[in-house]
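Geometric and topological summary
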Amino acid sequence: MTATPTAAAAEAAEDRMDDGTTEIARQRHTDAKRAERKLGLMLVGPAVFIMLAVAAYPIIYAFWLSLNKADLRQPDANEFIWFDNYVTVLSSPIWWTAFGVTMLITIVGATLELILGMLLAIVMHRTIVGRGLVRTSALVPYAIVTVVAAFSWRFAWTQGLGWLAPENSAPLTEFWPSIGIIILAEVWKTVPFMALLLMAGLALVPEDLLKAASMDGANAWKRFWMVTVPLIKPAILVALLFRTLDAFRVFDNIFILTSGSNQTSSVSMVAYSNLIRGLNLGIGSAMSVLIFITTGIIAFAFIKFFGAAAPGSDAEGKR
Amino acid sequence: MQPETTNRKLMWWGVNAIVLLYAFVPVLWIVSLSLKDDATLNDGNYIPTSPSNDSYTAIFNNPDFLRALMNSIGICIIATLIAIAFGTMAAYAIARLDFPGKRTIVAMALLVSMFPQIALVTPLFKIETAIGLFDTWPGLIIPYIAFALPLAIYTLSAFFREIPWDLEKAAKMDGATPYQAFRRVITPLAMPGIFTTAILVFISCWNDFLFALSLTSTSNARTVPAAMSYFTGATTFEKPTGPIAAAAVVITIPIVIFVLVFQRRIVAGLTSGAVKG
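Residues numbered from 1 in each chain as written. Chains lettered and ligands numbered in written order. Predicted model: local features only at pLDDT ≥ 70, side-chain atom pairs only at ≥ 80, totals over all residues.

The cut-off we apply is this: UniProt positions are given in the numbering used here, feature names are shortened, and annotations may be inferred rather than shown by experiment.
Going by what an unreviewed UniProt entry lists, chain B is known as Sugar ABC transporter permease and is assigned to Actinoplanes auranticolor. Per UniProt, the comment on chain B under Subcellular location (unreviewed entry) is "Cell membrane". Quoted straight from UniProt, the Sequence similarities (unreviewed entry) entry for chain B says "Belongs to the binding-protein-dependent transport system permease family."

Looking up chain A in an unreviewed UniProt entry gives the name Sugar ABC transporter permease, with the organism given as Actinoplanes auranticolor. If you open the UniProt record of chain A and go to Subcellular location (unreviewed entry), you find "Cell membrane".

Structure representation (structure tokens):
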């Protein structure tokens, strides 16, 4: 029996395939499988190629650069210096200050975003009037360009210009007020995103369960902590993971609000300054690699210790 | 019963009002600044007392701003179209086909989406200078596509999983060719998802600042957010508040219109990728 690629043979094969017994059907099945694999690989090809070219290759290149002197101001003095750049970075107070600032912004920011995001999610989920209006306006901060929002906050706090600025002090020239305003700008922009992810989780909590808890005498506070939170824990963890990683990369807001003055630089700002202002690719790359590693550790910790399921991790093969 | 419902409604309107204030106060402030004239710019009032369009006249007569606006629109549209094309192909394969390495690709997309962009600035700067892409449109478009792809793949494959693919078979039974079945039955079902994803991808490109700042050096490819940070006033340290505010409003308007018109779809898109997986 040989499969002939005529329409009739294919029809016949299709019929017999349901039984899954005959040789021809098996043959055709393998062919189809092979064709499906080929098509699948062809379809993902371009996307994979671009992601590899822009993310994978450069990070390897960054690692190589970080082991070299690679100072554009002295191009002739370039040499392979092993981990000297890392020693320079890790023994520099500038790096550790920036690291501390970034951690502070990340932790305080993500905590506030979680609390406010949850409140906003509950409002969007529960409101009995103007639901569309609330959801639409909540999207505005998400959609606005970060730089635009940062300028708005900067002008608002600029002495003699802004509506929020105090009479006789300039908050953006002092450390703590600056950090506060940076966190405010970050939180304002990202609470809606957090709230949307949490709201999607809230929609999955069965109404009956809340009613039953209510019958059993649980008040709203108890229902929230004993029923809702455990059920939407996956949504909370995913939202928190994404926001933590995002907050750790903070750059736009600091660049516009303070340009990193008064030691308000984040690690991204310091790495950027070393590249563009200092033209020191070796040091800049060492910082890039360190940021990359820290991000990896944060993601790993979330997945390992909090059991955050990365989105898509359980999705493969679902058809 | 009646007064209680009214009270609850009033309470919710109060809560809604807080959300509205939260969302719009910083936005309206920048609109207000863009409308102030030179005399009242520094009065610190939230509402402009004598509105004028001086700032808008100024930026629309500024060739650097017009060029940046063109760059922003062109670069983001091209990046969105390509990312959607490649993303749709990949998402279709991931949602519908069985092939080796699927798990790896999904993991890779996730890794890219968590990637600290700053880690790529140095190497991309070096590579793009070497191959002549630095300070050109493709020099920005390519990184934008790469960082938009994970978002596109996640969102689209979530949408594709919801499509009742049996309809395609049914159409073929009724005598449609495979092309017709795909074109007439599947495409209309897939379009809303593709469209939503396109909006999300466009917003993320439109928002980029770091790459626009570090992979350009002239107005040749600099987009509006980067150009805004280079606007200069009387002295280097003084930023021209009015024109910056006006430029901010100009690049905010298209996004706000998107959001107002497509709110429902954007919410669906943002949540589908992350929660349903």
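1. Focus: the overall build of chain A
Rule in force here: Helix and strand assignments follow DSSP, with helices taken as H or I runs no shorter than four residues and strands as E runs no shorter than two, numbered in order from the N terminus. The exposure label follows from counting other C-beta atoms within 10 Å of a residue's C-beta, where the C-beta atoms are placed from the backbone and the thresholds are 20 or more for buried and 12 or fewer for exposed, leaving partly exposed in between. Each residue is represented by a C-beta atom placed from its backbone, and any two residues with such atoms within 7 Å are regarded as in contact.
Scanning chain A for helices and strands turns up twelve helices and zero strands. Each of the 319 residues in chain A was classed as buried or not, and the buried ones make up 41%. The contacts in chain A between residues at least 6 apart in sequence include a share of 66% that link residues at least 24 apart.

2. Topic: the overall build of chain B
The condition that has to hold: Restricting the calculation to C-alpha atoms gives the radius of gyration, and the globule rule supplies 2.2 Å times the number of residues raised to the power 0.38.
Broken down by element type, chain B carries eleven helices and zero strands. Rg of the C-alpha trace for chain B: 23 Å, well past the compact-globule value of 19 Å for 277 residues, more than 25% over. For the C-alpha atoms alone, the extent of chain B along its principal axes is close to 75 × 75 × 35 Å. Buried residues in chain B amount to 45% of all 277 residues. Put simply, of all contacts in chain B between residues at least 6 apart along the chain, 74% involve residues at least 24 apart.

3. As for the interface of chain B and chain A
The cut-off we apply is this: Gly counts as polar in this scheme, as do all residues outside two lists: the nonpolar Ala, Val, Leu, Ile, Met, Phe, Trp, Tyr, Cys and Pro, and the charged Asp, Glu, Lys and Arg.
Contacts between the two partners involve 88 residues from chain B, matched on the other side by 86 residues from chain A. Sorting elements by how many residues they give to the side of chain B that touches chain A places helix 11 (residues 241-276) of chain B first, with 18 residues. For the side of chain B that touches chain A, the per-class residue count stands at 64 nonpolar, 16 polar and eight charged.

4. Quick notes on the domain arrangement of chain B
Often, the extent of an interface is quoted as the loss of accessible area on bringing the components together. Residues and elements named next belong to chain B. How we decide: Note that the domain bounds reflect an automated or database-derived domain assignment.
Along its sequence, chain B is organised into domain 1 (1-52) and domain 2 (54-276). Centre-to-centre, using C-alpha coordinates, domain 1 lies 31 Å away from domain 2. Between domain 1 and domain 2, the residue contacts involve nine residues of the former and eight residues of the latter.

5. Looking at helix 5 (residues 131-143) of chain A
Residue and element names in this part refer to chain A. Short version of the rule: An expected span of 1.5 Å times one less than the residue number is assigned to each helix.
For helix 5, built from 13 residues, the straight-helix expectation of 18 Å at 1.5 Å per residue is met to within 8% by its first-to-last C-alpha distance of 19 Å. Judged by how many residues are buried, helix 5 sits mostly within the fold: ten of 13 residues are covered. Burial in helix 5 covers these residues: Val-134, Arg-135, Thr-136, Ser-137, Ala-138, Leu-139, Val-140, Pro-141, Tyr-142 and Ala-143.

6. A few points about the UniProt feature "domain: ABC transmembrane type-1" (unreviewed entry) in chain A
If you check UniProt for "domain: ABC transmembrane type-1" (unreviewed entry), the listed places come out as residues 99-302 of chain A in our numbering. Within the segment residues 99-302 of chain A, helix and strand shares are 77% and 0% respectively, and the terminal C-alpha atoms sit 19 Å apart.

7. A closer look at the UniProt feature "transmembrane region" (unreviewed entry) in chain B
Residue and element names in this part refer to chain B. In the UniProt entry, the feature "transmembrane region" (unreviewed entry) is given for residues 12-31, 72-93, 105-125, 137-160, 181-203 and 244-262. Taken end to end, residues 12-31 comprises 100% helix and 0% strand; its first and last C-alpha atoms sit 28 Å apart. The distance from the first to the last C-alpha atom of residues 105-125 is 26 Å, and the span holds 86% helix and 0% strand.

8. Some thoughts on the environment of Phe147(B)
All names here are of chain B. The residue Phe-147 is located in helix 6 (residues 137-162) in this model. Taking the number of C-beta atoms within 10 Å as the measure of exposure, Phe-147 has 24 and is therefore buried. Along the backbone, Phe-147 and Phe-115 are 32 residues apart, and their C-alpha atoms lie at a distance of 8.8 Å.

9. Quick word on the UniProt feature "transmembrane region" (unreviewed entry) in chain A
All names here are of chain A. When the UniProt feature table is mapped onto this chain, "transmembrane region" (unreviewed entry) is found at residues 39-64, 94-121, 133-155, 175-204, 224-242 and 281-303. End-to-end, the C-alpha atoms of residues 39-64 are 36 Å apart, and along that stretch the chain is 100% helix and 0% strand. The distance from the first to the last C-alpha atom of residues 94-121 is 39 Å, and the span holds 100% helix and 0% strand.

10. Structural notes on the packing of helix 2 (residues 23-66) of chain A against helix 5 (residues 118-131) of chain B
Heads up, the condition is: Note on geometry: axes are C-alpha line fits, over the in-contact stretch for helices, and angles between N-to-C directions span 0 to 180 degrees. Orientation categories follow fixed angle ranges, with anything under 35 degrees roughly parallel, anything over 145 roughly antiparallel, 65 to 115 roughly perpendicular, and all other angles oblique.
Interhelical geometry of helix 2 of chain A versus helix 5 of chain B gives an angle of 90° and a closest axis separation of 8 Å. In terms of orientation, helix 2 of chain A and helix 5 of chain B fall into the roughly perpendicular class. The residues of helix 5 of chain B that touch helix 2 of chain A, namely those facing Ala55(A), Pro58(A), Ile59(A), Tyr61(A), Ala62(A) and Leu65(A), are Ala119(B), Leu120(B), Thr122(B), Pro123(B), Leu124(B) and Ile127(B). In terms of residue class, the contact of helix 2 of chain A with helix 5 of chain B is made up of eleven nonpolar, one polar and no charged.

11. Quick look at unusual backbone geometry
The phi dihedral of Asp135(B) is positive, around 65°, even though this residue is not glycine. Of note, Asp135(B) is situated in the loop between helix 5 and helix 6.

12. Thoughts on the confidence of the model for chain A
When pLDDT drops low, the exact placement of atoms in the prediction is not to be read closely. Residues and elements named next belong to chain A. Quick reminder of the rule: Values of pLDDT, the confidence the predictor places in each residue, fall between 0 and 100.
Of all residues in chain A, 87% have pLDDT values of 70 or greater, and the mean over the chain is 79. Model confidence for chain A, summarised as mean pLDDT per element, is weakest for helix 1 (residues 7-17) at 49 and strongest for helix 4 (residues 93-126) at 89. Within the model, the stretch residues 1-13 combines pLDDT values under 50 with eleven contacts to residues more than four positions away or in other chains. Long-range and interchain partners of residues 311-319, a stretch whose pLDDT sits below 50, account for 18 contacts in this model, where long-range means more than four residues apart.

13. Examining the nonpolar core
Residue and element names in this part refer to chain B. To be explicit about the condition: Structurally, a nonpolar core is described as a collection of buried Ala, Val, Leu, Ile, Met, Phe, Trp, Tyr and Cys residues joined by way of C-beta atoms within 7 Å.
In this structure, Ala-148 and Leu-149 are the most contacted members of the largest nonpolar core, which totals 164 residues. Per element, the largest residue contribution to this core is 17 residues, and it comes from helix 6. For Ala-148, the residues in contact, after removing those within four places along its chain, are Ala-79, Ala-83, Val-201, Ser-204 and Cys-205.

14. A look at the environment of Thr40(B)
All names here are of chain B. Counting through the fold element by element, Thr-40 comes out in the loop between helix 1 (2-35) and helix 2 (54-60). Given 15 C-beta atoms within a 10 Å radius, Thr-40 is considered partly exposed. Considering only alpha carbons, one finds Thr-40 and Ser-219, 179 residues apart in sequence, at a separation of 31 Å. Setting aside chain neighbours within four positions, we find Thr-40 in contact with Pro-48, Thr-49 and Ser-50.

15. Description of the domain arrangement of chain A
If you check the domain split of chain A, you get domain 1 (7-60) and domain 2 (84-305). Using C-alpha coordinates to define each centre, domain 1 of chain A is positioned 43 Å away from domain 2 of chain A.

16. Observations concerning the confidence of the model for chain B
All names here are of chain B. The predicted model of chain B averages 81 in pLDDT, with 94% of residues at 70 or higher. When the elements of chain B are averaged for pLDDT, helix 11 gives the smallest value, 78, and helix 3 (residues 63-96) the largest, 88. Here the predicted complex carries an ipTM of 0.85, next to a pTM of 0.83.

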